[in-house]
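Okay, here's what each chain looks like letter by letter:
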Amino acid sequence: SGGPPQDVQIYGGDFGQNWGGGIVAHDGLELKVIGAALNLCVTAGCADISTTANWVSDLQAIGTRIRQQPIGVSIGAGINAVITNNNIAGSSSEAINVANNVTDVTASGNMLGNDGSIGNNANSAILGTGTDYIVFSGNNCHGATAGLTNNGSGAHNSLTGNVGC
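Residues numbered from 1 in each chain as written. Predicted model: local features only at pLDDT ≥ 70, side-chain atom pairs only at ≥ 80, totals over all residues. Heavy atoms only, no water.

A. Summary view of the overall build of the protein chain. Regarding its fold elements, the protein chain presents zero helices and 19 strands. Relative to the compact-globule value of 15 Å for 165 residues, the protein chain shows a C-alpha radius of gyration of 14 Å, a close match. If you line up the protein chain on its principal axes, its C-alpha atoms span 45 × 40 × 25 Å. A burial count over the protein chain gives 47% of its 165 residues as buried. For the protein chain, contacts bridging at least 24 residues in sequence account for 55% of all contacts bridging at least 6. (Helix = DSSP H or I, 4+ residues; strand = E, 2+ residues; numbered from the N terminus. Rg over C-alpha atoms; globule rule 2.2 N^0.38 Å. Buried < 20%, exposed > 50% of the residue type's maximum accessible area, 1.4 Å probe, protein only. Contact = heavy atoms within 4.5 Å.)

B. The arrangement of the sheet that holds strand β6 (residues 47–51) in detail. The parallel open sheet is built from six strands, whose spatial order is β3-β6-β9-β12-β16-β18. Here the strands that pair on one side only, and so sit at the sheet edges, are β3 (23–25) and β18 (146–150). The sheet shows a mean angle of 5 degrees between the axes of neighbouring strands, direction not considered. As judged from the four bridges shared by β6 and strand β9 (residues 71–75), these two strands associate in the parallel manner. Looking across to β9, one finds that Ala-47 is bridged to Ile-71. (Pairing = 2+ DSSP bridges. Axes fitted to C-alpha atoms, helices over the stretch in contact; angles between N-to-C directions.)

C. Layout of the pattern of salt bridges. As enumerated under the stated definition, the model contains one salt bridge in all. We note a salt bridge from Arg-67 to Asp-115, for which the minimum N-O separation is 3.2 Å. Of this pair, Arg-67 sits in strand β8 (residues 65–67) while Asp-115 sits in strand β14 (residues 114–115), and the two are 48 residues apart along the sequence. For Arg-67, a relative accessible area of 8% corresponds to the buried category. (Salt bridge = Lys/Arg side-chain N within 4 Å of Asp/Glu carboxyl O.)

D. The side chain of Thr-64, seen in detail. Mapping Thr-64 onto the fold places it in the loop between β7 (59–62) and β8. Note on Thr-64: relative accessible area 2%, which makes it buried. Side-chain polar atoms of Thr-64 contact the backbone nitrogen of Ala-36, separated by 3.4 Å. Once you skip the residues sitting within four places of it in the chain, Thr-64 turns out to touch Val-33, Ile-34, Gly-35, Ala-36, Ala-37, Leu-38, Asn-85, Asn-86 and Asn-87. (Polar contact = N/O pair within 3.5 Å; in protein donor to acceptor, adjacent residues only side chain to side chain.)

E. Local environment of unusual backbone geometry. Here Asp-7, not a glycine, exhibits a phi torsion of approximately 55 degrees, which is positive. Its place among the elements puts Asp-7 in strand β1 (residues 6–11). The backbone of Asn-101 sits at a positive phi, close to 65 degrees, despite the residue not being glycine. Here Asn-101 is to be found in the loop between β12 (94–98) and β13 (103–108).

In structure tokens:
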């Protein structure tokens with residue numbers, strides 16, 4: 001059809017040793033990553049799953065193992081992101097990054113601290129300024145060097161029930 005990709009679904013798969021990032025959602029909408037394994041993007045600031053400025057809508061990362069990268073999941077744009085039941089370890093920057101002014105993100109039930117063989121995350125999560133309608137709940141950040149950094153100013157953010165964050 002010539003337009004940007006829509007409704008991309010990835011079930012399983014191993015995306016390893018990617019230089020610039022594992023899965024980069026640059027243009028389009030509706031990306032779902034379920035049960036995959038991503039590890040070792042090595043370019044400074046790369047993320048194993050990311051949306052960039054042209055991304056329009058939904059990102060779902062569910063039950064995925066993400067290892068040894070600067071950033072585990074980077075939400076740079078879009079709305080309705082759901083990051084749930086993932087195991088993210090060994091991030092030299094942060095496990096989850098929500099960029100400035102992004103809204104409508106739910107991060108729940110994630111392991112964001114450390115892994116015995118992979119190591120600690122430097123930060124469990126960073127919420128940028130102007131973020132709103134963020135739900136950050138039920139995450140385990142135990143073992144991360146730093147927990148949740150909330151730079152968000154949103155009156156509708158809910159940051160509850162987290163351990164070590």
